[in-house]
Amino acid sequence: YLELRIINKDKSAAKIQAMFRHKENAKIAEAEQQKLAEELAAKEAEEAAKAAEAAAIEEVNRLVREEAEAKKQEKLAAKKLLEEKEEAERLILEEAARKLQEEEEAIEKAEEEELKRLEKEAEDMKRLADEAEAKEKERIAQEAKMEALKIAAKEIEQKKINEE
């Protein structure tokens, strides 16, 4: 009987020890689960941080692309504005050159007309001078004829006087 009791006590002790081991294992298992849960939470937090970092990097890249596109558009606009300015300047220069050409042609035409007028005036003066010279020669010739007639008349008169 005593042996049975000892065996029963041993069994009870073994049960109690098993219970303590079970409780201890449960605590260890719970601690392991807690540790795994914390590790999982840390991994999830790390993944969330990586995802947030990737999103931030993507946002920065998007902003950089937008800024580059804006700068590109600004350069294109500046280039277009410069081209328009150069075109306007070219048109202004062409207009100024055209007006200058017209003015030069008008001056040349006026000079040609003035030269023609002066040539005509010179021709008219030469013609008038020639006419005046011809009239003067005619007058001198008339005077010479008159003189000759006077002389002839005097000679005739002298002859008549001499004949009488």
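Residues numbered from 1 in each chain as written. Predicted model: local features only at pLDDT ≥ 70, side-chain atom pairs only at ≥ 80, totals over all residues. Heavy atoms only, no water.

## So, the overall build of the chain
Move 1: Across its full length, the chain holds one helix and zero strands.
Move 2: Per-residue burial for the chain yields a buried fraction of 0% across its 164 residues.
Move 3: For the chain, the exposed area adds up to about 15,600 Å²; of that, 59% sits on carbon and sulfur atoms. (Helix = DSSP H or I, 4+ residues; strand = E, 2+ residues; numbered from the N terminus. Buried < 20%, exposed > 50% of the residue type's maximum accessible area, 1.4 Å probe, protein only. Areas by Shrake-Rupley, 256 points an atom, 1.4 Å probe, with all protein chains shown as cover.)

## Let's talk about a negative patch on the surface
Move 1: Where like charges cluster on the molecular surface, the negative patch consists of E103, E104, E105, E108, E111, E112 and E113.
Move 2: With respect to the secondary-structure elements, E105 resides in helix 1 (residues 2-163). (Patch = residues over 30% accessible without salt bridge, like charges linked within 9 Å, V, L, I, M, F, W, Y side chains within 5 Å. Salt bridge = Lys/Arg side-chain N within 4 Å of Asp/Glu carboxyl O. Lys, Arg positive; Asp, Glu negative; His and termini not counted. Charge placed at Lys NZ, Arg CZ, Asp CG, Glu CD.)

## So, the pattern of salt bridges
Move 1: Under the counting rule described, the total for this entry stands at 18 salt bridges.
Move 2: Here R127 makes a salt bridge to D124, at a shortest N to O gap of 3.7 Å. Here R127 and its partner D124 are both found in helix 1, three residues apart, which amounts to about one turn of the helix.
Move 3: Residue classification places R127 among the partly exposed positions, given a relative accessible area of 43%.
Move 4: In this structure D124 comes out as partly exposed when scored by relative accessible area, which is 27%.
Move 5: A salt bridge links E131 to R127; its shortest N-O distance comes to 3.1 Å. In this pair, E131 and R127 are both assigned in helix 1, four residues apart and thus about one turn of the helix distant.
Move 6: We classify E131 as partly exposed; its relative accessible area is 34%.

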